[in-house]
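Examining the three-dimensional arrangement
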Amino acid sequence: MSSSTPTPRIDQPVALAPGSEQHGAKAHSDGGWDAPDAAKKVPVQTRSERPQSGDLDAFAPVTGREVNWKFAPIAKLQPLLDGGLDGSAYPFLARQTEGADVEWGRSDDPAVGTAGLPEDRAAAAAWTARDAVLKVTVKATEAHESISITRSDFGTQARAAHTVITAEQHAQGIVVIDNRGSALLSENVEIVVRDGARLTVVSLQDWDDDAVHVSTQFAEVGRDAFLKHVVVSLGGDVVRVNPSTHLGAQGADTEMYGVYFADAGQYIEQQVYVNHDAPNTRGRVNYKGALQGEGAHTVWIGDVLIGRAGDGTDSYEQNRNLVLTDGTRADSIPNLEIETGNIEGAGHASATGRFDDEQLFYLQARGIPEEEARRLVVLGFLVEVLQKIGAPELEERLIAAVEQELAEGRTAVAAPADEQADA
């Protein structure tokens, strides 16, 4: 090296002649992480970090690569993601006791937003489109109040719906939303359980084979209150029910159950979230599903967050899937975030498998034919959760529906003959 060219120091960059750059020395095209807006490039890592907004424009168009959409058949859901939904009032049948009310409210009712805000584009599209709000109230009486709402006239137009369910302080009761017929529907369901109340909410999806349904359900549980939330998904082409519960007051308690049965070509998804955000809260999540037929696909994603304020939390979630035939797919993903070590306990579990040959052998050895033995095993697997509902008539209907699934590969839930209609 000539004396006119100084030797570079180790802490000085070396200027290279054009075209002589070292391979790999260039910045990557996805770089710029040190830029002022670098935080915007970091993808959402956990369930608790998702943005919340009632504005459709706050959510980018769905591509199917997002973590909360990666399994879903986006093409079938697209009409519910673009906005412009019909959010007007719809016909329904209601059967209720004296201490329970159901009525239409204005779209700007102050109860809207009490339990939560949308966290994805489908929920935001329905939130923006609402023209009316179905208000369900369980009053504080000495009786166990009951409301059953049957919805079967949505048609095939892309629609939105918004429901607010409120259990008054120290009230106790059950609310059943029974979905049937055809639908192309995105909806938000808000559930508010006041202090000391005990409420059961059942969401039954018994749609026709062509139905596409997306339901986002938010719950806010008060001090020493209890919510039992049950999702039963049997019918429909694409069904996506995402319930979340915020335990934001001391002693809040929730049990979240689910039963689903997917036939050939059917897609059923549930994304369940429990947020322990106060001391001494309790959460139990138990979802069970069965799959049969080519192309049957189920997705269960369970998220539990134990926040920094969640001292004394007792939480557990599990998902079990029973595969009945070849050609099916069950995705099961449990997640647990813990931000405090001062808890009673937390855990999660997931399993997917076929029939237990030992169970079948045990039953057949006692003279039970193989087909009947398989039926008994499936019923025993699912009925455990169905019996948690606490409404004998409804439980019997659902058990009959599961038997019909097994017999014919389709759902047939018959309504009680004495069901009365109240507009």
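Fair warning: this is a prediction, and the values are worked out from it, not measured in the lab. (Residues numbered from 1 in each chain as written. Predicted model: local features only at pLDDT ≥ 70, side-chain atom pairs only at ≥ 80, totals over all residues. Heavy atoms only, no water.)

**Comments concerning the overall build of the chain**
- A count of helical and extended segments in the chain gives five helices and 18 strands.
- For the chain, the residues scored as buried account for 52% of the 423 residues in total.
- About 19,600 Å² of surface is accessible on the chain, with carbon and sulfur atoms providing 48% of the total. (Helix = DSSP H or I, 4+ residues; strand = E, 2+ residues; numbered from the N terminus. Buried < 20%, exposed > 50% of the residue type's maximum accessible area, 1.4 Å probe, protein only. Areas by Shrake-Rupley, 256 points an atom, 1.4 Å probe, with all protein chains shown as cover.)

**Section: the sheet that holds strand β18 (residues 345-353)**
- Taken together, nine strands build an open sheet; the order of strands is β1-β4-β6-β8-β10-β12-β14-β16-β18 and the sheet is mixed. This sheet does not close on itself; its edge strands, each paired only once, are β1 (93-96) and β18. For this sheet, the mean inter-axis angle between neighbouring strands, taken without regard to orientation, is 5 degrees.
- Pairing between strand β14 (residues 282-291) and strand β16 (residues 314-323): 10 bridges, direction parallel. Bridge pairing in β16 links arginine 284 to tyrosine 316.
- Sheet strands in contact with helix α4 (residues 370-386) are β10 (226-233), β12 (253-262), β14 and β16, and its direction is about 150 degrees off that of β14. (Pairing = 2+ DSSP bridges. Axes fitted to C-alpha atoms, helices over the stretch in contact; angles between N-to-C directions. Contact = heavy atoms within 4.5 Å.)

**Examining the pattern of salt bridges**
- Applying the stated criterion to the full structure yields 19 salt bridges.
- Notably, a salt bridge pairs aspartate 253 with arginine 282, separated by 2.9 Å at the nearest N-O pair. Of this pair, aspartate 253 sits in strand β12 while arginine 282 sits in strand β14, and the two are 29 residues apart along the sequence.
- Residue classification places arginine 282 among the partly exposed positions, given a relative accessible area of 27%.
- Overlapping salt bridges bring together Asp120, Arg240 and Glu269 as one network. (Salt bridge = Lys/Arg side-chain N within 4 Å of Asp/Glu carboxyl O.)

**As for the packing of aromatic side chains**
- Counted according to the given criterion, the structure contains six aromatic pairs.
- Ring geometry for phenylalanine 92 against tryptophan 104: centres 6.0 Å apart, planes inclined by 65 degrees, an arrangement best described as edge-to-face. Residue phenylalanine 92 is found in the loop between α1 (74-77) and β1, and its partner tryptophan 104 is found in strand β2 (residues 100-106); the two are separated by 12 residues along the sequence.
- On the numbers, 6.4 Å between centres and 85 degrees between planes, the contact of tryptophan 127 with phenylalanine 218 is edge-to-face. With a gap of 91 residues between them, tryptophan 127 in helix α2 (residues 121-129) and phenylalanine 218 in strand β9 (residues 212-221) connect regions that are remote in the sequence.
- Through successive ring pairs, a cluster of aromatic residues spans Tyr90, Phe92, Trp104, Phe154 and Trp207.
- Lying over the aromatic face of tryptophan 69, arginine 240 brings its terminal NZ or CZ to 3.8 Å of the ring centre. (Phe/Tyr/Trp six-rings, centres within 6.5 Å; stacked < 30°, edge-to-face > 60°. Lys NZ or Arg CZ within 6 Å of the ring centre and 35° of its normal.)

**What about unusual backbone geometry?**
- Here the phi dihedral of histidine 170 falls at roughly 65 degrees; this positive angle occurs in a residue that is not glycine.
- Counting through the fold element by element, histidine 170 comes out in the loop between β5 (158-167) and β6 (172-181).
- According to the relative accessible area criterion, histidine 170 is exposed, its value standing at 53%.
- One non-glycine residue with positive phi stands out, namely aspartate 224, at about 55 degrees.
- Structurally, the position occupied by aspartate 224 is in the loop between β9 and β10.

**Let's talk about the sheet that holds β9**
- Reading across the sheet, the nine strands line up as β2-β3-β5-β7-β9-β11-β13-β15-β17 and stay open at both edges, with mixed pairing between neighbours. Edge positions in the open sheet fall to β2 and β17 (329-338), since each of these has one partner strand only. Shown here is a sheet whose adjacent strand axes are inclined to one another by a mean of 10 degrees, direction ignored.
- With 10 bridges joining them, β9 and strand β11 (residues 238-247) adopt parallel strand pairing. Looking at the pairing, phenylalanine 218 lines up with serine 244 of β11.
- On the sheet, α2 packs against β5, β7 (184-193) and β9 and is oriented at approximately 85 degrees with respect to β7.

**What to know about the side chain of glutamate 187**
- Within the secondary structure layout, glutamate 187 lies in strand β7.
- A distance of 3.0 Å separates the side chain of glutamate 187 from the side chain of arginine 151, its partner in a polar contact.
- Polar side-chain contacts of glutamate 187 include one of 3.2 Å to the side chain of serine 215.
- If sequence neighbours within four positions are ignored, glutamate 187 has contacts with Ala126, Arg151, Ala161, His213, Val214, Ser215 and Thr216. (Polar contact = N/O pair within 3.5 Å; in protein donor to acceptor, adjacent residues only side chain to side chain.)

**Section: the pairing of strand β8 (residues 198-207)**
- Counting buried positions over the 10 residues of β8 gives nine, a clear majority of the element.
- Bridging between β6 and β8 involves 10 bridges; their strand directions are parallel. Paired with aspartate 178 across the bridge in β8 is leucine 204.
- Where β8 and β10 come together, eight bridges link them in parallel fashion. When the bridges of β10 are listed, arginine 198 appears paired with phenylalanine 226.

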